[in-house]
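Topology and contacts: notes
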Amino acid sequence: MSADEVARSGLLNKLRVLFPYFEGTRWAFALASIGAAFAAVCETGVAWLLVPLVDGGMKAIPIKFLAELPRPPLWAIPVALVVLFALRGAAGFVVDYTLAWAANAATLRLRSQLFSRLLDGHPQLFVARSASSLMNTVVYEVLGGVNQLVGAAQTLLKDSFSVIAFLGTMLLLNWKLTLVIAALGPAVGYVMRVFGKRMHRITKESQIAIDRLGYVVEENVMAWRTVRLHGVQGVQRARFEVSSKALRRLLMKSTVASATVTPVTQLLTATALGVAIGMALWQSSTGGTTMGAFVAFITAAVALATPMRRLSDVSAPISRGIASVERALDLIHNAPSETGGTYAPPGRSRGELALRDVSIRFGDNVPSLDHITLRIAAGETVALVGPSGAGKTTLVNLLPRFLDPSAGTITLDGVALPDWNLHTLREQFALVSQDVVLFNDTVAANVCFGAPLDAARMRAALVAANLGGFVDGLPQGAETVIGHNGTQLSGGQRQRLAIARAIYKDAPILILDEATSALDSESEQLVQQALQALMKGRTSLVIAHRLSTIERADRIIALDAGHVVEHGSHVELLARDGLYARLHALQFRSSP
């Protein structure tokens, strides 16, 4: 069942979709049910103790088998009361622990599936949803949703058994009065249904508001330098306030809906209890029952109001929990996964790439690449140049299938990219992007990312990237943790560490997207020497705005507005006096 079908289905169908995540926890629910039933019996035992306590003995009791029991000693009643509460507490612990165990097991399964979906989800997923929204769904909504549902299950188990036990006690004591209270059931059910639908709708709207608020926070955390440099704290604070107030309004609506259902059901309960108590008083005055039985009945009737009230409140957490989990299920069932073929040759590819009439368009916009035909020989170094927005980064993102073309075919070693096994295909590429991403782990883990650690090979990669001396000076050397996205490193150090990662991977195809953009002149020269040595025998695609860094490329391809406008060597393109020559002249004319 898809998430859309779940959203349109009834409550039972919505809950049934979650059953697979609770697989193996049936014993926990069975044990919790036994504990809840035992606790309910202990609760009603207090009411039964009032009969001998008030009447002064087991006489004139409306239940025949109890009247025939021997009279208990005086100390038995207080001891029985303590025992009942102790047993009730132990049974309550069993219910809480077993259901919490089941909830955590289900949360673990659901969250693991969600994270797996993020890891193999189609790249379009990360375009459609922000990082804060995905994080909110995976981390918080799953935990909150499952916990609210299991908390509701605790209430349903405990209080349903309590209601049954109290009603059973009242039936045994006075069945006529009990029928008056039982008539309350349909009215309470109707109230819960009406308010449950409203709570579900408000919760869905609140999730969207939380995503918007989280996105504002995410943007300002990531761009704090830009915000302060431009002095727009006031503007961003206003954005945050708008989103916060929108969320507050929805939360207040949720509070009104959940708070209204309680007094309505309490009013219905009080009406039924008032009628029952009035009839009980009349029966007691006419000698229809003993004072002990009357007190026991009233005690059970008053005690019945508490679980009835909690049961009436249970619709709110169920609605919130289902709404939260629905977003997670939507991500699991509706978010498309990446698909690949079965071609997985042993060893390394030759690195021969070909693009035939390739176009890619995002929405209804002008094509980012328009009918590109290109052949890159194995071991060739190709530089891509052109103004911003020409399609350079889009082109290289097509190769490891971070994007798929709208038209045309791309092949590696003569095999279309969709026919390659995705894991095998991406093993053929090493990427150093202008947007460096590092992980909150050690230097060694970031260099060897995804590959077994080879200390000598890692050391050679660090030295080649001009990081050997820097790493030697760290407190724990290569075992030093570098912080979130390498915040403990400078911009140049972060980029050199990304270059060391590419060197360590030793893939047959290199993609260098502004790989030296954050380096100073001295470091850039050293890294360029390392990259030149690394590129020998490998297919390399280099994007660089500094044209001096690509003069030695075997071929330079100039792109403009998604088209290849010219290609050739550095000398050839300068002689043509075309786009490359103009870019070259502009850059070197502006150089000191």
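See the structure shown above.
In this report, the structure presented in the accompanying data block is examined. This structure is a prediction, so every number in the text was calculated from the model and none was measured. (Residues numbered from 1 in each chain as written. Predicted model: local features only at pLDDT ≥ 70, side-chain atom pairs only at ≥ 80, totals over all residues. Heavy atoms only, no water.)

1. Describing the overall build of the chain
When its secondary structure is counted, the chain shows 22 helices and ten strands. Residues classed as buried in the chain amount to 46% of the 592 residues present. Residue pairs in contact within the chain that sit at least 24 positions apart in sequence constitute 78% of those at least 6 positions apart. Total accessible area computed for the chain in this model is approximately 29,700 Å², and 62% of it derives from carbon and sulfur atoms. (Helix = DSSP H or I, 4+ residues; strand = E, 2+ residues; numbered from the N terminus. Buried < 20%, exposed > 50% of the residue type's maximum accessible area, 1.4 Å probe, protein only. Contact = heavy atoms within 4.5 Å. Areas by Shrake-Rupley, 256 points an atom, 1.4 Å probe, with all protein chains shown as cover.)

2. Observations concerning the pattern of salt bridges
Summed over the entire model, instances satisfying the criterion amount to eight salt bridges. Across the salt bridge formed by Asp506 and Arg348, the nearest N and O atoms sit 3.9 Å from each other. One end of the pair, Asp506, is in the loop between α19 (491-505) and β7 (509-513); the other, Arg348, is in the loop between α13 (315-334) and β1 (353-360), and 158 residues separate them in sequence. Under the relative-accessibility criterion, Asp506 is labelled partly exposed at 31%. Ionic contacts of the salt-bridge type, sharing partners, join the residues Arg348, Asp506 and Arg538 into one network. (Salt bridge = Lys/Arg side-chain N within 4 Å of Asp/Glu carboxyl O.)

3. Side note on the side chain of Thr381
Its place among the elements puts Thr381 in strand β3 (residues 381-385). Residue Thr381 is classed as buried on the basis of its relative accessible area, which comes to 13%.

4. Considerations on the nonpolar core
Core analysis: the largest hydrophobic core is formed by 44 residues, its most contacted members being Val443, Val447, Met458, Leu462, Leu497 and Ile550. The biggest single contributor to this core is α19, with seven residues. Contact partners of Leu462, with chain neighbours within four places excluded, come to Val443, Val447, Leu467, Gly468, Val471, Leu497 and Ala500. Core analysis: the second largest hydrophobic core is formed by 33 residues, Ala32, Val138, Leu149 and Val314 among them. (Core = buried A, V, L, I, M, F, W, Y, C linked by side-chain atoms within 4.5 Å.)

5. Some details on the pairing of β7
Burial of β7 is extensive: five of the five residues sit out of reach of the surface. Neither face of β7 is open: one carries Ile509, Ile511 and Asp513, the other Leu510 and Leu512, and all of them are buried. Sheet topology note: the strand β6 (residues 429-432)/β7 ladder contains four bridges and is parallel. Looking at the pairing, Phe429 lines up with Ile509 of β7. Sheet topology note: the β7/strand β8 (residues 539-543) ladder contains five bridges and is parallel. Each residue of the ladder has a partner; that of Ile509, found in β8, is Thr539. (Pairing = 2+ DSSP bridges.)

6. Observations regarding the packing of helix α7 (residues 131-173) against α13
Between α7 and α13, the shortest axis-to-axis distance is 7 Å and the interhelical angle comes to 140°. With respect to their mutual orientation, α7 and α13 come out oblique. In this structure, α7 meets α13 at a crossing whose hand is left-handed. Residue-level contacts link Ser133, Leu134, Asn136, Thr137, Glu141, Val142, Gly145, Val146, Gln148, Leu149, Ala152 and Leu156 of α7 to Pro317, Ile318, Arg320, Gly321, Ile322, Ser324, Val325, Arg327, Ala328 and Leu331 of α13. Of the residues in the contact of α7 with α13, the class split is twelve nonpolar, seven polar and three charged. (Axes fitted to C-alpha atoms, helices over the stretch in contact; angles between N-to-C directions. Parallel < 35°, antiparallel > 145°, perpendicular 65-115°, else oblique. Left-handed = near helix turned anticlockwise from the far one by under 90°. Nonpolar A, V, L, I, M, F, W, Y, C, P; charged D, E, K, R; others polar.)

7. Re the packing of aromatic side chains
On inspection of all chains with the given rule, the structure shows five aromatic pairs. Ring centres 5.9 Å apart and planes at 70° place the aromatic pair Phe22 and Phe29 in the edge-to-face group. Its relative accessible area of 17% is what places Phe22 among the buried residues. For Phe29, a relative accessible area of 27% gives the class partly exposed. Residues Phe93 and Tyr97 carry aromatic rings whose centres are separated by 6.1 Å and whose planes lie at 20° to one another, so their mutual orientation is stacked. (Phe/Tyr/Trp six-rings, centres within 6.5 Å; stacked < 30°, edge-to-face > 60°.)

8. Concerning unusual backbone geometry
Phi is positive for Asp413, which is not a glycine, with a value near 55°. The residue Asp413 is located in the loop between β4 (407-412) and β5 (415-416) in this model. Not every positive phi belongs to a glycine, and Asp577 is a case in point at roughly 55°. For Asp577, a relative accessible area of 57% gives the class exposed.

9. Remarks on α19
An ideal rise of 1.5 Å per residue puts 21 Å on 15 residues; α19 measures up with 22 Å between its terminal C-alpha atoms. Burial within α19 is extensive, with 13 of its 15 residues counted as buried. (Expected span 1.5 Å × (residues − 1).)

10. Section: the environment of Ile511
Within the secondary structure layout, Ile511 lies in strand β7. Owing to a relative accessible area of 2%, Ile511 belongs among the buried residues under this scheme. Taking C-alpha positions, Ile511 is 6.0 Å from Ser540, a pair spaced 29 residues apart along the chain. Sequence-distant contacts of Ile511, defined by excluding residues within four places in its chain, comprise Val396, Leu399, Pro400, Phe429, Ala430, Leu431, Val432 and Leu541.

11. Regarding the sheet that holds β4
The four strands lie next to each other as β2-β1-β4-β5, forming an open sheet whose pairing is antiparallel. The sheet is open, and its two borders are formed by β2 (369-376) and β5, each paired with just one other strand. In the sheet, β1 pairs with β2 via five bridges, with the strands oriented antiparallel. Pairing of Ala354 across the sheet is with Arg375, part of β2.

12. Re the sheet that holds strand β9 (residues 555-560)
Sheets are built from strands paired through backbone hydrogen bonds, the pairs being either parallel or antiparallel. The strand order across the open sheet built from six strands is β6-β7-β8-β3-β9-β10, with neighbouring strands paired in mixed fashion. The open sheet has two free edges, formed respectively by β6 and β10 (563-568), since each of these has just one partner strand. The sheet shows a mean angle of 15° between the axes of neighbouring strands, direction not considered.

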